[in-house]
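Summary of the model geometry
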Amino acid sequence: MMATRAAVLPWLAALVIAGCVTAACAQSVSYSGSMGDRALLVIDGTPRTLAVGATQGAVRLVSVNPNSVVVEVKGQKQTLPLGGSPVSLGGDNSAGGGTQIVLTAGLGGHFVTGGSINGKAVEFVVDTGATTISMGEVDADRIGLKYKNNTRYTVGTANGNVAAYKASLDVVRIGDVQVYNVDAVVLPQQMPFILLGNSFLTRFQMKRENDRLTLDKR
């Protein structure tokens, strides 16, 4: 039985505008390089060049040096090392007891959002054709997921059948909503986003109105 409809969707690489979770949208930020007093930040998956004191969305660049920067999001300051993993800032710091996620479609009508897996910041794209949450090995390794001793099986992808690993995610969070013990699959291909498949989505009642997708926890 195929675990996911597609591992790498051609349109993913072109997406540069992410949807946001209403009233609880965290910013995923990493530091990629500097040019004098300007820093190249990757904000919610999109490269942005900011001068010290400048703001992009909710992210303000406080200071920059060759090895790290300090950014501020909604009053929360964070030092980001050069080349480090994305850090989720400015989101709802509650215990995750929320029950509703509201997403707005970005380019091409696709729902892209920041979130976290086991406390590590990630970028999701909603894919109702994927049986489970699906990610590439690069993302799985970055978030510290233990999967290489797990069962392997064949799944069908846009690039044909591949051998993949089964995985289980302790906590998947978007905004202030958390879901526990979510099935996933780790694929050998590098993927620009993590596919938010039905192992997560079926925990919710889904309703779409034009470019707005509402997920109400069951």
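What comes next is a walk through the structure.

Rules behind the numbers
- Residues numbered from 1 in each chain as written.
- Predicted model: local features only at pLDDT ≥ 70, side-chain atom pairs only at ≥ 80, totals over all residues.
- Heavy atoms only, no water.
- Helix = DSSP H or I, 4+ residues; strand = E, 2+ residues; numbered from the N terminus.
- Buried < 20%, exposed > 50% of the residue type's maximum accessible area, 1.4 Å probe, protein only.
- Contact = heavy atoms within 4.5 Å.
- Areas by Shrake-Rupley, 256 points an atom, 1.4 Å probe, with all protein chains shown as cover.
- Salt bridge = Lys/Arg side-chain N within 4 Å of Asp/Glu carboxyl O.
- Pairing = 2+ DSSP bridges.
- Axes fitted to C-alpha atoms, helices over the stretch in contact; angles between N-to-C directions.

A count of helices and strands for the protein chain gives two helices and 18 strands. Counting only residues that meet the buried cut, the protein chain has 46% of its 218 residues in that class. Long-range pairs, those at least 24 residues apart, make up 58% of the contacts in the protein chain between residues at least 6 apart in sequence. With an accessible surface of roughly 10,200 Å², the protein chain has 49% of that area assigned to carbon and sulfur atoms.

Another aspect to go through is the pattern of salt bridges. When the charged atoms of two side chains with opposite charge come close together, those side chains can pair. Summed over the entire model, instances satisfying the criterion amount to three salt bridges. Of the charged contacts in the structure, one is a salt bridge between R60 and E72, with a shortest N-O distance of 2.6 Å. Of the two residues, R60 is situated in strand 5 (residues 59-65) and E72 in strand 6 (residues 68-73); the sequence distance between them amounts to 12 residues. Classification of E72 by relative accessible area gives buried; the value is 17%. Here D139 and R142 are joined by a salt bridge, their closest N and O atoms 3.6 Å apart. One end of the pair is D139 and the other is R142, both in helix 1 (residues 137-142) and three residues apart, which spans about a single turn. A relative accessible area of 26% means that R142 is categorised as partly exposed.

Our next topic: the sheet that holds strand 9 (residues 100-104). In space, the three strands of this open sheet follow the order 9-18-17, with antiparallel pairing throughout. The outermost strands of the open sheet, each flanked by one partner alone, are strand 9 and strand 17 (204-209). The average undirected angle you get between the axes of adjacent strands in this sheet is 15°. Where strand 17 lies against strand 18 (residues 212-217), six bridges are found, and the strand directions are antiparallel. The partner of R208 across the bridge, within strand 18, is L213.

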